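Breakdown of the fold
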Amino acid sequence: MADFALPARNTASAFAAMYGHHVALRVPDFQTAKSWYVEKLDFRVVHEWPYADQRLAYLAPANDDRFMIEILGGGDPLPLDGPAYTDLGDSLRYSGYHHFCIVVADIAATVAELRVRGVTIITEPFQLDAISRKLAFFADPFGNLIELAEVVA
């Protein structure tokens, strides 16, 4: 499987024990978000809990215990809504959070299954040779972009 040559690990770093765990998405409707990720992407609900006036949950992909998304619902939303993207080029105009990425074995099959499940594809699969990947983008019901990546030789 073609991938990047990573630089040597820095085991002497004061932060050597750090590793990724999750990305958090603030959503206006907790139940809708949780149901969407479970029904459309087969994510599993790992843990759910209340905090102040919010509901929170960790969700993990169907067969991955190393990466999760945390959905935060309830409370007061920010006064302005984020943009609803219709294509990748438009989304690259704005600074701030952009997307999270899920690696898949077959991007064409994954996109086809997403369509069957009623998910709108924002950017059709394309190959980006600079990173040896095929990529596609779609969004959750609240406009949070999700990237699919297939490693290619």
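The preceding data block contains the structure.
I will try to describe carefully the structure that is included in this document. (Residues numbered from 1 in each chain as written. Predicted model: local features only at pLDDT ≥ 70, side-chain atom pairs only at ≥ 80, totals over all residues. Heavy atoms only, no water.)

**So, the overall build of the protein**
Along the protein, the regular secondary structure elements total three helices and eight strands. Sequence-ordered secondary structure for the protein, helices as α and strands as β, is β-α-β-β-β-α-β-α-β-β-β. Relative to its full complement of 153 residues, the protein shows a buried share of 36%. Here the analysis covers contacts within the protein between residues at least 6 apart in sequence; of these, 51% occur between residues at least 24 apart. As displayed, the protein offers around 9700 Å² of accessible surface, 56% of which is attributable to carbon and sulfur atoms. (Helix = DSSP H or I, 4+ residues; strand = E, 2+ residues; numbered from the N terminus. Buried < 20%, exposed > 50% of the residue type's maximum accessible area, 1.4 Å probe, protein only. Contact = heavy atoms within 4.5 Å. Areas by Shrake-Rupley, 256 points an atom, 1.4 Å probe, with all protein chains shown as cover.)

**Some remarks on the packing of aromatic side chains**
Per the counting criterion, the structure on display carries five aromatic pairs. An angle of 80° between the planes, with centres 4.9 Å apart, marks the rings of Trp36 and Tyr37 as edge-to-face. Residue Trp36 shares its accessibility class with Tyr37, and that shared class is buried. Measuring from ring centre to ring centre gives 6.3 Å for Trp36 and Phe138, while their planes differ by 40°; the resulting arrangement is tilted. Of this pair, Trp36 sits in helix α1 (residues 30–41) while Phe138 sits in strand β7 (residues 133–139), and the two are 102 residues apart along the sequence. By relative accessible area, which is 11% here, Trp36 ends up buried. With a relative accessible area of 1%, Phe138 lands in the buried category. Among the aromatic side chains, those forming a connected cluster through ring pairs are Trp36, Tyr37, Phe43 and Phe138. (Phe/Tyr/Trp six-rings, centres within 6.5 Å; stacked < 30°, edge-to-face > 60°.)

**Notes on the nonpolar core**
Counting residues in hydrophobic clusters, the biggest one holds 25 residues, and the most contacted among them are Tyr37, Leu41, Ile69, Phe100, Phe138, Ile146 and Leu148. Every element with two or more residues in this core is listed here: β1 (22–27), α1, β3 (54–60), β4 (68–74), β5 (99–103), α3 (107–116), β7 and β8 (145–151). Discounting chain neighbours no more than four positions away, the residues touching Ile146 are Trp36, Tyr37, Leu41, His99, Phe100, Ile102, Ala136, Phe137, Phe138 and Asp140. If you look at the next biggest cluster of nonpolar residues, it comprises five residues, including Leu88, Ile122, Phe137 and Ala139. (Core = buried A, V, L, I, M, F, W, Y, C linked by side-chain atoms within 4.5 Å.)

**A word on the sheet that holds β4**
Strand order in the open sheet formed by four strands is β1-β4-β3-β2, with mixed pairing between adjacent strands. Both edges of this open sheet fall to β1 and β2 (44–51), since each of them pairs with a single strand only. Strand-to-strand twist across the sheet, computed as the mean angle between neighbouring axes with direction ignored, equals 20°. Across six bridges, β1 lies against β4 in parallel orientation. When the sheet's bridge partners are listed, His22 is paired in β4 with Met68. (Pairing = 2+ DSSP bridges. Axes fitted to C-alpha atoms, helices over the stretch in contact; angles between N-to-C directions.)

**Structural notes on the environment of Met68**
Within the element layout of this structure, Met68 appears in strand β4. Overall, the relative accessible area of 9% leaves Met68 in the buried class. C-alpha separation for the pair Met68 and Arg44, spaced 24 residues apart in sequence, amounts to 9.4 Å. Other than its neighbours up to four places away in sequence, Met68 contacts His21, His22, Val23, Val46, Tyr58, Leu59 and Ala60.

**Overview of α3**
For an α-helix, 3.6 residues make a turn, and residues three or four places apart therefore share a direction. The set of residues buried in α3 consists of Ile107, Val111 and Leu114. End-on view of α3: buried residues confined to an arc of 60°, all on one side of the axis. Counted as exposed and oriented over 90 degrees from the buried face of α3: Ala108 and Val116. Buried residues belonging to α3 abut α1, β6 (121–128), β7 and β8. (Arc of directions from axis to C-beta.)

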